[in-house]
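Coordinate analysis (summary)
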Amino acid sequence: MSSPYDPQHAPVGDVGAALMMIDSRLKGIHEGKTGIDPEQQVMVDQFTASMGPEEVDDLLDGACTLIFMFMTWLRKAHEDHDKDVIEYVVPNLVATLRMMPRSIRPEAIPTMAGLVVAAGTGLSPSLWRRQYGDWTEEEMNPLEATTVLLAEQINRITDDPDFATRMITEALSRLEEA
């Protein structure tokens, strides 16, 4: 039976822009910049201020597509070792988000866990989230953090700090060729 939350029904969004933002955060973290770089923040603010409502929705859908793709990869990697991706990814994600109380409000954490569980079970995080109404401002940082944390988990598993970004870039390139 098909679910209305199947990825085939979901908009892909602007994966390229979402990946650019996530890759920028990952590079900053790897360079030891744990705080927000003021110069980078100005660029992000200018970028998002130039967006209309449709472009913002595309960026959010792109971030959800990244979450779906990252969780698909993580699910396959965990299944190769007879492990459940939800059991191993979600508790670590929740614990890490809880350690960021200045940028992640506690009430956003269940939503981020829900996005990851949806993706880990083969559902579209974007469509799953839509059933609860519009995205809120308070969910923007947690969404970004969730996407970064999933990418970083993949990078650590593969022992390659650019693997997650490269995986998505290569998938986008294959799509363009097709």
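Residues numbered from 1 in each chain as written. Predicted model: local features only at pLDDT ≥ 70, side-chain atom pairs only at ≥ 80, totals over all residues. Heavy atoms only, no water.

Thoughts on the nonpolar core
Test applied: What we call a nonpolar core is a set of buried Ala, Val, Leu, Ile, Met, Phe, Trp, Tyr and Cys residues that are connected through their side-chain atoms within 4.5 Å. Using a 1.4 Å probe on the protein chains alone, a residue whose accessible area is under 20% of its type maximum counts as buried, one over 50% counts as exposed, and one in between counts as partly exposed. Counting from the N terminus, the helices are the DSSP runs of H or I reaching at least four residues and the strands are the DSSP runs of E reaching at least two. Here, two residues are considered to be in contact whenever any of their heavy atoms come within 4.5 Å of each other.
By size, the foremost hydrophobic cluster in this structure holds 42 residues, and its most contacted members are Leu-66, Phe-70, Met-71, Leu-115, Leu-143 and Leu-150. Elements that contribute at least two residues to this core include exactly α1 (15–30), α3 (53–79), α4 (85–98), α5 (109–120), α7 (140–158) and α8 (163–177). A total of 10 residues in this core trace back to one element, the largest contributor, which is α3. When residues no more than four places from it in sequence are discounted, the contact partners of Leu-150 are Ile-67, Phe-70, Met-71, Leu-74, Val-89 and Val-116.

Side note on the pattern of salt bridges
Definition in use: What makes a salt bridge here is a side-chain nitrogen of Lys or Arg within 4 Å of a carboxyl oxygen of Asp or Glu, nothing more.
Counted by the stated rule, this structure contains 8 salt bridges. Among the ionic pairs, Lys-27 bridges to Asp-23, the shortest N-O distance being 3.5 Å. Of this pair, Lys-27 and Asp-23 are both found in helix α1, 4 residues apart, which corresponds to roughly one turn of the helix. When its relative accessible area of 39% is taken as the criterion, Lys-27 is described as partly exposed. Residues joined by salt bridges that share partners form a network here, namely Asp-23, Lys-27 and Asp-162.

Re the environment of Ala-171
Within the fold, Ala-171 resides in helix α8. For Ala-171, a relative accessible area of 16% corresponds to the buried category. Distance in space between the C-alpha atoms of Ala-171 and Ala-95 is 30 Å, their sequence separation being 76 residues.

Looking at the packing of aromatic side chains
Worth spelling out the cut-off: Pairing of aromatic rings covers Phe, Tyr and the six-membered ring of Trp, with a centre-to-centre limit of 6.5 Å; geometry is then stacked below 30 degrees between planes, edge-to-face above 60, and tilted otherwise. Here, a charge over a ring means that NZ of Lys or CZ of Arg falls within 6 Å of the ring centre while also lying within 35 degrees of the ring normal.
Applying the stated criterion to the full structure yields 2 aromatic pairs. With a centroid separation of 5.2 Å and an interplanar angle of 65°, the aromatic rings of Trp-128 and Tyr-132 are classed as edge-to-face. For Trp-128, a relative accessible area of 17% puts it in the buried group. The cationic tip of Lys-83 hangs over the ring face of Tyr-88; the distance from NZ or CZ to the ring centre is 5.0 Å. Geometry around Trp-135 places Arg-129 over its ring, the cationic atom sitting 4.9 Å from the centre.

What to know about the packing of α3 against α4
The criterion, for reference: Between N-to-C directions, angles cover 0 to 180 degrees, with each direction set by a line fitted to C-alpha atoms, over the stretch in contact for helices. Put simply, angles under 35 degrees are roughly parallel, angles over 145 are roughly antiparallel, angles from 65 to 115 are roughly perpendicular, and the rest are oblique. Amino acids outside the nonpolar list (Ala, Val, Leu, Ile, Met, Phe, Trp, Tyr, Cys, Pro) and the charged list (Asp, Glu, Lys, Arg) are all regarded as polar, and Gly is one of them.
The geometry of α3 relative to α4 is characterised by a closest axis approach of 9 Å and an angle of 125° between their N-to-C directions. With respect to their mutual orientation, α3 and α4 come out oblique. Only Val-85, Tyr-88 and Val-89 of α4 make contact with α3, whose side of the interface consists of Met-71, Leu-74, Arg-75 and His-78. Among the residues making up the contact of α3 with α4, the classes are represented as 5 nonpolar, 1 polar and 1 charged.

Description of the environment of Ile-157
With respect to the helices, strands and loops of the structure, Ile-157 is situated in helix α7. A C-alpha to C-alpha distance of 9.0 Å links Ile-157 and Ala-77, two positions 80 residues apart in sequence. Non-local contacts of Ile-157, meaning those with residues more than four positions away in its chain, are made with Trp-73, Leu-74 and His-78.

Details of a negative patch on the surface
Threshold: A patch consists of residues whose relative accessible area exceeds 30% and which take part in no salt bridge; residues with like charges are grouped when within 9 Å of each other, and nonpolar side chains (Val, Leu, Ile, Met, Phe, Trp, Tyr) when within 5 Å. We get accessible surface area from the Shrake-Rupley algorithm with a probe of 1.4 Å; when it comes to residues, only the shown protein chains can shield them. In this count, Lys and Arg are taken as positive residues and Asp and Glu as negative ones, while His and the chain termini are left out. The atoms used to mark charge sites are NZ of Lys, CZ of Arg, CG of Asp and CD of Glu.
The grouping of Asp-14, Glu-54, Glu-55, Asp-57, Asp-58 and Asp-134 at the surface amounts to a negative patch. A relative accessible area of 34% means that Asp-14 is categorised as partly exposed.

Some remarks on unusual backbone geometry
The phi dihedral of Asp-82 falls on the positive side, at around 55°, and the residue is not glycine. Along the chain, Asp-82 turns up in the loop between α3 and α4. A residue is classified by how much of its surface remains accessible, and Asp-82, at 76% relative accessible area, is exposed. You will see that Asp-159, though not glycine, has its phi angle at about 55°, which is positive. Relative to the helices and strands, Asp-159 resides in the loop between α7 and α8.

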